[in-house]
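Residues per chain are reported as follows:
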Amino acid sequence: MLLVGEGSSRTKKNINAFLSIEDRDVQAIASYPLIKSISSICHGKGFPKAGDVDTLLKLPSLQKDGQLDRQLLSSISSICHGKGFPKAGDVDTLLKLPSLQKDGQLDRQLLSSISSMMSSRGFPKAGDVDTLLKLPSLQKDGQLDRQLLSSISSICNGKGFPKAGDVDTLLKLPSLQKDGQLDRQLLSSISSMMSSRGFPKAGDVDTLLKLPSLQKDGQLDRQLLRSISSICNGKGFPKAGDVDTLLKLPSLQKDGQLDRQLLSSISSMMSSRGFPKAGDVDTLLKLPSLQKDGQLDRQLLSSIASMMSSRGFPKAGDVDTLLKLPSLQKDGQLDRQLLSSISSICNGKGFPKAGDVDTLLKLPSLQKDGQLDRQLLSSISSMMSSRGFPKAGDVDTLLKLPSLQKDGQLDRQLLSSISSICHGKGFPKAGDVDTLLKLPSLQKDGQLDRQLLSSISSMMSSRGFPKAGDVDTLLKLPSLQKDGQLDRQLLSSISSICNGKGFPKAGDVDTLLKLPSLQKDGQLDRQLLSSIASICHGKGFPKAGDVDTLLKLPSLQKDGQLDRQLLSSISSICHGKGFPKAGDVDTLLKLPSLQKDGR
């Protein structure tokens, strides 16, 4: 992957010049589809020899299923950026380090963090890798805390391994603590701004988090901080004046307050680009093509912001051209549903070419009864989110996979489950689809059990296909069994909690299902679990203390017992938002307008 100037006009010019050179050795290298990885390794070193390229790409340790593993090559090219081709022994040593193995295989998530920190620095020493991964401050429940490591690797991108003292100092800053523990949400915002810049000074962290313009009701406004951290990704901490200027722009105000939806769109486009000029913000938000009934059309702005994510503000003419494309019109007006699908595909890719849009929307395999099949397009756009337009042949191949057919037609329910698993991952391989849909543990009465598949696809949303063994292990967990069979109601609750989080650990499932506060008459109270699962949808397993605190809130009690009807209402309000604060629950339930006969 090109790590320096990737995507810039200068880089593209240099690559084009490279590809046009008539030297045979150069053309041999240029013919590789992996030119970016090769050019990254050889940055500033001159043209490599064709033999060296062949040797690297044929290293046994870089192969998977008889083919070059591009993900591994990307990690290696990051480490060796500007260092020239690595020695086979160095590659083997790194990829076989015991500390980088998990379940007998290379742990790619760990390798990604290591390659980020060692970008352009060459291979790390085995001892240094072990020391880093065993730092006490990076452990949780006796295991490496990967979320923390990811934040640290972002800060140390290209800086090498951090000192233990620097890690400890950052993670123990009082301003980053909440309820006696590290506030990971704050750390994520800090690591975003300090990406590739090294550790911040404690004083600078405190100053940022105490900026008056980032406070709300006497506390740090985390939503604002996230927007600011997106704008300042890799730029370091912002100046107080720049923050104030942006948040007080008249065009970002609504009813006398900051319009957070607008700020979110602005921060998406300006991600990693720094603060925009006030005039540029005004110009964008006042474009005639973005107005509806005399006001800014926020839905359109959201679609535009998605395509222009991290690319800066678009030109007015480009916006007009896109929104007036004939293929995006319906009954003489812009078809917003189509635009939404296109903006998903082009997330962060910039505006598409008219021809690419037309080609996709007119594919015969996406038509039904002479019109575009929007349900199919939605599944396609989910898989291709942020990846650009698919090839027509790839679309046809996917939609004609025998395992996705039912009664001679495409089974849309199956495609929907597959598209959830492959969200943002591109089209799946036919073999992976077949393997999953034919797993014995997913069959019932000789047919695919769609309810089970739905639970699996929920947990694996955007994570790719699970391993067969992992599916079997999950479905055979003793705590998910009832009368010798899988308890589907329990699995549904667990899959809701773990939506997009991957499969849960057996211990986490056991701990939750055995919480004393979730028991009734010696058995699991499924109604309570359902409410908890709704609140924690996509948030992962809750802490036992948080569950107890919620269920014992005085405002949720009636006649000395938990009022389940109230809890159900609260869980509906907080679906996917995590546990509410006691004060927020009390405030809502005591509103005068909600009282009747003093209750």
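Below, the structure is looked at part by part. The structure presented is a predicted model; accordingly, all values stated were derived computationally and were not measured. (Residues numbered from 1 in each chain as written. Predicted model: local features only at pLDDT ≥ 70, side-chain atom pairs only at ≥ 80, totals over all residues. Heavy atoms only, no water.)

### So, the overall build of the protein chain
The helix and strand inventory of the protein chain stands at 32 helices and 28 strands. Here the C-alpha atoms of the protein chain give a radius of gyration of 27 Å, agreeing with the 25 Å that 2.2 N^0.38 yields for 599 residues. On the principal axes, the C-alpha backbone points of the protein chain span a range of 90 × 65 × 60 Å. Taken over 599 residues, the protein chain has a buried fraction of 44%. The long-range fraction of contacts in the protein chain, counting pairs at least 24 apart against all pairs at least 6 apart in sequence, stands at 67%. Per element, the accessible surface of the protein chain, about 31,600 Å² overall, is 46% carbon and sulfur. Here the protein chain contributes 81 positive and 63 negative side-chain charges, whose respective centroids are spaced 3 Å apart. (Helix = DSSP H or I, 4+ residues; strand = E, 2+ residues; numbered from the N terminus. Rg over C-alpha atoms; globule rule 2.2 N^0.38 Å. Buried < 20%, exposed > 50% of the residue type's maximum accessible area, 1.4 Å probe, protein only. Contact = heavy atoms within 4.5 Å. Areas by Shrake-Rupley, 256 points an atom, 1.4 Å probe, with all protein chains shown as cover. Lys, Arg positive; Asp, Glu negative; His and termini not counted. Charge placed at Lys NZ, Arg CZ, Asp CG, Glu CD.)

### A short note on the pattern of salt bridges
Scanning the entire structure with this criterion turns up 13 salt bridges. The shortest N-O distance in the salt bridge between Asp107 and Arg146 comes to 2.6 Å. Here Arg146 lies in helix α9 (residues 146–155) and Asp107 lies in the loop between β4 (105–106) and α7 (108–117), a separation of 39 residues in the sequence. Classification of Asp107 as buried rests on a relative accessible area of 6%. We note a salt bridge from Asp373 to Arg412, for which the minimum N-O separation is 2.5 Å. With Asp373 in the loop between β18 (371–372) and α21 (374–383) and Arg412 in helix α23 (residues 412–421), this pair connects stretches of sequence that are 39 residues apart. (Salt bridge = Lys/Arg side-chain N within 4 Å of Asp/Glu carboxyl O.)

### Quick notes on helix α13 (residues 222–231)
With seven of 10 residues buried, α13 is to be regarded as a mostly interior element. Lining the buried residues of α13 we find α11 (184–193), α12 (202–209), β10 (219–220), α14 (240–247), β12 (257–258) and α15 (260–269). Here α13 starts with a cap whose side-chain oxygen sits 3.2 Å from the backbone nitrogen of Gln223, and that cap is Asp221. (Polar contact = N/O pair within 3.5 Å; in protein donor to acceptor, adjacent residues only side chain to side chain.)

### Considering the packing of α11 against α12
Helix-helix packing is characterised by the crossing angle of the two axes and by the distance between the axes. The N-to-C vectors of α11 and α12 enclose an angle of 115°; their axes lie 12 Å apart at closest approach. As judged from the angle between their axes, α11 and α12 are roughly perpendicular. The two elements α11 and α12 cross, and the hand of that crossing is right-handed. Residue-level contacts link Leu186, Ile190 and Met193 of α11 to Val205, Leu208 and Leu209 of α12. Considered class by class, the residues forming the contact of α11 with α12 number six nonpolar, no polar and no charged. (Axes fitted to C-alpha atoms, helices over the stretch in contact; angles between N-to-C directions. Parallel < 35°, antiparallel > 145°, perpendicular 65-115°, else oblique. Left-handed = near helix turned anticlockwise from the far one by under 90°. Nonpolar A, V, L, I, M, F, W, Y, C, P; charged D, E, K, R; others polar.)

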